[in-house]
Amino acid sequence: MTDDFDNDGYMDVIGTCKALALMSALTQFSQGHLHTSQETLNHIIKLESCRLMPYRCQAGVWTDGIGNTVDVKPGILITEAEAAEEFVRHVKHFEKELARLLVEPVSQPVWDSLISFMFNIGVNAFKKSTLLERLRHGQTFEACMEMGRWIYIKKKCQGAYKSAARERYLFV
């Protein structure tokens, strides 16, 4: 396992945690329990990183594991296995919500793009988004372009910008 420190001095545990999450997700995928592609699961894990000690993300929200913001307890260390399990739970939740919200089936690249997008903004924001409204009205290009609007977290965020660019690329 390799330990790195980010600009805020927080330890980012990489290697084992990410590998566990990806293995767990791929097992679920191979068993037909996940529909998001291996490439996108890996992208989300890489983008979010894996932190076992809770920290405040750029939006000021307590976060741990691989982008988990649910029931995070500041100062309480989680295990790599817990981070991996929580990641798979989140992906399953996003997939269930996306399937429920879509009015028509979408291609695998669009599905992957939307799951990655939802991982960044959350289900509630996605439900209220113009992107979903445009998608429901068959305005695919316009829906895709909406992703570029979600790059601000108090100010323009380079990570969100890069993620939105990848998601738009997958979408079209």
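Residues numbered from 1 in each chain as written. Predicted model: local features only at pLDDT ≥ 70, side-chain atom pairs only at ≥ 80, totals over all residues. Heavy atoms only, no water.

(A) Broad picture of the environment of Glu 80. With respect to the helices and strands, the residue Glu 80 is situated in helix α3 (residues 80-101). Looking at Glu 80, the relative accessible area reads 15%, which means it is buried. Each C-alpha atom, one on Glu 80 and one on Ile 66, is 9.7 Å from the other, the two residues being 14 residues apart in sequence. (Helix = DSSP H or I, 4+ residues; strand = E, 2+ residues; numbered from the N terminus. Buried < 20%, exposed > 50% of the residue type's maximum accessible area, 1.4 Å probe, protein only.)

(B) Layout of the packing of helix α2 (residues 38-48) against helix α4 (residues 108-121). Interhelical geometry of α2 versus α4 gives an angle of 25° and a closest axis separation of 10 Å. As judged from the angle between their axes, α2 and α4 are roughly parallel. For the element pair α2 and α4, the recorded crossing hand is right-handed. In this structure, α2 contributes Thr 40, His 43, Ile 44, Leu 47 and Glu 48 to the contact, and α4 contributes Asp 112, Ile 115, Ser 116, Phe 119 and Asn 120. Taken together, the residues of the contact of α2 with α4 sort by class into four nonpolar, four polar and two charged. (Axes fitted to C-alpha atoms, helices over the stretch in contact; angles between N-to-C directions. Parallel < 35°, antiparallel > 145°, perpendicular 65-115°, else oblique. Left-handed = near helix turned anticlockwise from the far one by under 90°. Contact = heavy atoms within 4.5 Å. Nonpolar A, V, L, I, M, F, W, Y, C, P; charged D, E, K, R; others polar.)

(C) Looking closely at the pattern of salt bridges. Applying the stated criterion to the full structure yields four salt bridges. Arg 89 is the partner of Glu 86 in a salt bridge, and the nearest nitrogen-oxygen pair spans 2.7 Å. One end of the pair, Glu 86, and the other, Arg 89, are both in helix α3, three residues apart, so they sit about a helical turn from each other. In this structure, Glu 97 and Arg 100 form a salt bridge, with 2.7 Å as the shortest nitrogen-oxygen distance. Of the two residues, Glu 97 and Arg 100 are both situated in helix α3; the distance of three residues between them amounts to about one turn of the helix. Under the relative-accessibility criterion, Glu 97 is labelled buried at 11%. Arg 100 gets classed as exposed once you look at its relative accessible area, which sits at 51%. (Salt bridge = Lys/Arg side-chain N within 4 Å of Asp/Glu carboxyl O.)

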